[in-house]
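# Commentary on secondary and tertiary structure
Okay, here's what each chain looks like letter by letter:
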Amino acid sequence: MNKAIICALLVAASHASLAAKSPHERLSGTWTSDLMTVDIDFAAHDYKGVAMGQTFDHRLTLVRENPQYVVFKTDGNTIVAQFQKGGKIMLTKQPDGIPVLLERASDNQ
């Protein structure tokens, strides 16, 4: 088979697998910034990490999702995760939290 066709099929399969994941599945994993590192695991209902030197470990519940964002609750707090260009996310605690831009940790890409 022609190498170009094989390459095109692999790219198409890769895009199809990404499209098949729900937004909260895309959000699951480890994310990091200068301020914090978080591990989001919807299957285990776990939201944990370190923020400004303080560790946390909270139960996670999905509230709603669409292709642009995921809303979830952790110990009574509502957090919105918005997907950004370049594979990053913006986490904001509602109603008046400071948005934090995070990127996927390199060991989970």
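Look up: the structure comes first, before these words.
Reference entry: report on the structure contained in this document.

What counts and how
Residues numbered from 1 in each chain as written. Predicted model: local features only at pLDDT ≥ 70, side-chain atom pairs only at ≥ 80, totals over all residues. Heavy atoms only, no water. Salt bridge = Lys/Arg side-chain N within 4 Å of Asp/Glu carboxyl O. Phe/Tyr/Trp six-rings, centres within 6.5 Å; stacked < 30°, edge-to-face > 60°. Buried < 20%, exposed > 50% of the residue type's maximum accessible area, 1.4 Å probe, protein only. Lys NZ or Arg CZ within 6 Å of the ring centre and 35° of its normal. Core = buried A, V, L, I, M, F, W, Y, C linked by side-chain atoms within 4.5 Å. Helix = DSSP H or I, 4+ residues; strand = E, 2+ residues; numbered from the N terminus. Contact = heavy atoms within 4.5 Å. 1 Å grid on protein atoms, 1.4 Å probe; cavity = no way out; pocket = protein on both sides within 12 Å on 5 of 7 lines; lining within 4 Å. Points joined across faces, edges and corners; volume = space filled by probe spheres on them. Nonpolar A, V, L, I, M, F, W, Y, C, P; charged D, E, K, R; others polar. Polar contact = N/O pair within 3.5 Å; in protein donor to acceptor, adjacent residues only side chain to side chain.

## Focus on the pattern of salt bridges
All chains considered together, the criterion is met by one salt bridge. With its nearest N and O atoms 3.7 Å apart, the salt bridge here joins K48 to D46.

## A word on the packing of aromatic side chains
For any pair of aromatic rings, geometry is given as the distance between the ring centres together with the angle between the planes. Inspection of every chain in the model, using the stated rule, returns three aromatic pairs. Taken together, a centroid distance of 5.2 Å and an interplanar angle of 40° make the contact between Y47 and F56 tilted. Judged by relative accessible area, which is 5%, Y47 ranks as buried. Grouped by ring-pair contacts, the aromatic residues F42, Y47, F56 and F72 constitute a single cluster. The ring of F83 carries the charged tip of R26 above its face, separated from the ring centre by 4.0 Å.

## Brief notes about the nonpolar core
Grouped together as the largest cluster of nonpolar side chains are 18 residues, with contacts concentrated most on L27, V38, I40, Y47, F72, L91 and L102. Of all the elements in the fold, those that place two or more residues in this core are β2 (36-41), β4 (54-66), β5 (69-74), β6 (77-83), β7 (89-93) and β8 (100-104). Residues within four places of Y47 in sequence aside, it is in contact with M36, V38, D39, I40, F56, D57, H58, L60, F72, T74, I79 and L91.

## Thoughts on the layout of surface pockets
In this model, the largest pocket occupies a volume close to 430 Å³. Considering the residues around the largest pocket, the lining is formed by 16 residues, among which M36, Y47, A51, K93 and V100 are closest to the centre. For the lining of the largest pocket, the secondary-structure elements that each account for two or more residues are β3 (46-51), β4, β6 and β7. At three residues, β7 tops the list of elements feeding residues into the lining of the largest pocket. Tallied by class, residues from the lining of the largest pocket come to 10 nonpolar, five polar and one charged.

## Here's the deal with the side chain of R104
Positionally, R104 belongs in strand β8. Engagement of the side chain of R104 in a polar contact is seen with the backbone oxygen of S28, the distance being 3.0 Å.

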